[in-house]
Amino acid sequence: MAIVNCKRCGRIFNRIRRDICANCIAEEDSAFAAVRAYLKDHPNATMADVVEATDVELELIVSMIRDGRLMLHDNPNMSYECQRCGGPTQSGRFCARCTEELAHTLAKATSEIKKQIKDSGDEGPKYYSRK
Ligand SMILES: [Zn+2]
Ligand SMILES: [Zn+2]
């Protein structure tokens, strides 16, 4: 048993699987249902339209999309800010361009590390496990 403070409302509760209490889960579920129903009826709605129509906070809608709980399919106007460049995106944390750039940067960094290891004449990366 783990007694923790609800991340959303601050109430103390017995944590089972999520960081928010049963009350907040129920509230999020109904918010989620409202958003989904609204989007179904208004596929061209923007984020601002949904916030106004459903009274659900923008941050909550964004987190539902980021978590993959709310999927956008035929909602071309539903977008939120990429965490890296601030441009519009419809899924995850970053926009498509940043996702690509980050993957590229990571691949470059990886190949540079490999090159350094090769240049130093080492036999390969050494892994230390600390137990
Ligand atoms: Zn709560
Ligand atoms: Zn971006």
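Nothing here was measured: the structure is a model prediction, and the numbers come from that model. (Residues numbered from 1 in each chain as written. Chains lettered and ligands numbered in written order. Predicted model: local features only at pLDDT ≥ 70, side-chain atom pairs only at ≥ 80, totals over all residues. Heavy atoms only, no water.)

Topic: the coordination of the zinc ion (ligand 2)
In the first shell of the zinc ion (ligand 2), the protein supplies Cys 82 (SG), Cys 85 (SG), Cys 95 (SG) and Cys 98 (SG), at 2.2 to 2.3 Å from the metal. Geometry at the zinc ion (ligand 2) is tetrahedral, judged from the four donor atoms that bind it and their angles of 106 to 116° at the metal. For the zinc ion (ligand 2), the donor residues sit on a single chain with the sequence spacing C-x2-C-x9-C-x2-C. Placement of the pair is Cys 82 in the loop between strand 3 (80–81) and strand 4 (88–89) and Cys 98 in helix 4 (residues 96–119), with a sequence separation of 16 residues. With relative accessibility at 1%, the residue Cys 98 sits in the buried group. (Donors = N, O, S within 2.8 Å, 3.2 Å for Na, K, Ca; no water. Tetrahedral: all angles 85-135°; square planar, octahedral: opposite > 155°, others 65-115°. Helix = DSSP H or I, 4+ residues; strand = E, 2+ residues; numbered from the N terminus. Buried < 20%, exposed > 50% of the residue type's maximum accessible area, 1.4 Å probe, protein only.)

Some thoughts on helix 4
Between its first and last C-alpha, helix 4 extends 34 Å over 24 residues, near the 34 Å set by a 1.5 Å rise per residue. At the C-terminal side of helix 4, Gly 121 shows a positive phi close to 75°. (Expected span 1.5 Å × (residues − 1).)

A few points about the packing of helix 1 (residues 22–41) against helix 3 (residues 58–66)
Relative orientation of the contacting elements helix 1 and helix 3 amounts to 85°, with a least axis distance of 11 Å. Classified by the interaxial angle, the pair formed by helix 1 and helix 3 is roughly perpendicular. Side by side, helix 1 and helix 3 meet where Glu 28, Ala 31, Phe 32 and Val 35 of the first sit next to Leu 60, Ile 61 and Met 64 of the second. Counted by class, the contact of helix 1 with helix 3 contains six nonpolar, no polar and one charged residues. (Axes fitted to C-alpha atoms, helices over the stretch in contact; angles between N-to-C directions. Parallel < 35°, antiparallel > 145°, perpendicular 65-115°, else oblique. Contact = heavy atoms within 4.5 Å. Nonpolar A, V, L, I, M, F, W, Y, C, P; charged D, E, K, R; others polar.)

Remarks on the environment of Val 4
With respect to the secondary-structure elements, Val 4 resides in strand 1 (residues 2–5). It is 33 Å that separates the C-alpha atoms of Val 4 and Leu 72, two residues lying 68 residues apart in sequence. Ignoring any residue separated from it by four or fewer positions in sequence, one finds Val 4 in contact with Arg 11, Ile 12, Phe 13 and Arg 15.

What to know about the side chain of Glu 28
The residue Glu 28 is located in helix 1 in this model. At 3.3 Å, the side chain of Glu 28 forms a polar contact with the side chain of Arg 69. With sequence-adjacent residues up to four places away left out, Glu 28 is seen in contact with Arg 8, Arg 18, Ile 20, Leu 60 and Arg 69. (Polar contact = N/O pair within 3.5 Å; in protein donor to acceptor, adjacent residues only side chain to side chain.)

Digging into the coordination of the zinc ion (ligand 1)
In this structure, Cys 6 (SG), Cys 9 (SG), Cys 21 (SG) and Cys 24 (SG) serve as the protein donors to the zinc ion (ligand 1), at separations of 2.2 to 2.3 Å. Coordination geometry of the zinc ion (ligand 1): the four donor atoms subtend angles of 103 to 114° at the metal centre, consistent with an arrangement described as tetrahedral. The buried category is assigned to Cys 24, whose relative accessible area is 2%.

Considerations on the side chain of Thr 89
Relative to the helices and strands, Thr 89 is located in strand 4. Among the residues examined, Thr 89 registers a relative accessible area of 7% and is labelled buried. Within the structure, Thr 89 has its side chain in polar contact with the backbone oxygen of Ser 91 (distance 3.2 Å). Side-chain polar atoms of Thr 89 contact the backbone oxygen of Phe 94, separated by 3.2 Å. Other than its neighbours up to four places away in sequence, Thr 89 contacts Met 78, Ser 79, Tyr 80, Glu 81, Cys 82, Phe 94 and Cys 95.

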